[in-house]
Amino acid sequence: QVQLVESGGGLVQAGGSLRLSCAASGSIFSINDMGWYRQGPGEQRELVAAITSGGSTNYADSAKGRFTISRDNAKDMVYLQMNSLKLEDAGVYYCYADVKYSRRYTNSRFWGQGTQVTVSS
């Protein structure tokens, strides 16, 4: 009943920039946290950035100073602006949203399908 659709992934040269977008839709009462995870080849999925409904942010050490997470509460969207991209940033990026789809239930986490980010030297 809740769907997250990602866009913006692709191939970029090292040092370049990319902006990922994720739109949530469906039976949404409210959204608490939103964020992005990355899974590189042979790696576990790791948190890259998160943002609360109030706009507080948290970043992985590797992302600090280069990535910026933001959201548009009116559109139920979350973004990840990635600058100064490195080879190590490559992987599949998954957005998530902690959605309350009914006033009587606690938040449930929903995931996007993932979008591939490839960084070339």
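Scroll up to find the structure.
Residues numbered from 1 in each chain as written. Predicted model: local features only at pLDDT ≥ 70, side-chain atom pairs only at ≥ 80, totals over all residues. Heavy atoms only, no water.

**Details of the nonpolar core**
- Ranked by size, the top nonpolar core spans 29 residues in total, and within it Trp36, Leu80, Met82 and Tyr93 carry the most contacts.
- Of all elements in the fold, only β1 (2-7), β3 (18-26), β4 (30-39), β5 (46-51), β7 (67-72), β8 (77-82), β9 (91-100) and β11 (115-120) reach the threshold of two or more residues within this core.
- Those residues in contact with Tyr93 that sit more than four places away from it in its chain are Glu6, Leu20, Trp36, Tyr37, Arg38, Val48, Phe67, Leu80, Met82, Gly114, Thr115 and Val117. (Core = buried A, V, L, I, M, F, W, Y, C linked by side-chain atoms within 4.5 Å. Buried < 20%, exposed > 50% of the residue type's maximum accessible area, 1.4 Å probe, protein only. Helix = DSSP H or I, 4+ residues; strand = E, 2+ residues; numbered from the N terminus. Contact = heavy atoms within 4.5 Å.)

**Some remarks on the sheet that holds β3**
- One open sheet accounts for four strands, arranged β1-β3-β8-β7; its pairing is antiparallel. Each of the sheet's edge strands pairs with one partner strand only, and the pair in question is β1 and β7. Pairs of neighbouring strands in the sheet enclose a mean axial angle of 15°, with direction left out of account.
- Where β7 lies against β8, six bridges are found, and the strand directions are antiparallel. The residue bridging Arg71 from the neighbouring strand is Val78, located in β8. (Pairing = 2+ DSSP bridges. Axes fitted to C-alpha atoms, helices over the stretch in contact; angles between N-to-C directions.)

**Section: the environment of Gly40**
- Among the structural elements, Gly40 can be located in the loop between β4 and β5.
- Take Gly40: its relative accessible area is 6%, and that puts it in the buried class.
- Residues Gly40 and Glu88 lie 48 residues apart in sequence; the distance between their C-alpha atoms is 8.1 Å.
- Filtering out sequence-adjacent residues up to four positions away, Gly40 remains in contact with Ala90 and Gly91.

**Some remarks on the state of the cysteines**
- As enumerated under the stated definition, the model contains one disulfide in all.
- Two residues, Cys22 and Cys95, share a disulfide whose sulfurs are 2.0 Å apart. Linking Cys22 and Cys95, the disulfide has an S-S dihedral of approximately 45° and is accordingly described as right-handed. You can see Cys22 sitting in strand β3 and its partner Cys95 sitting in strand β9, a full 73 residues away along the chain. (Disulfide = S-S within 2.5 Å.)

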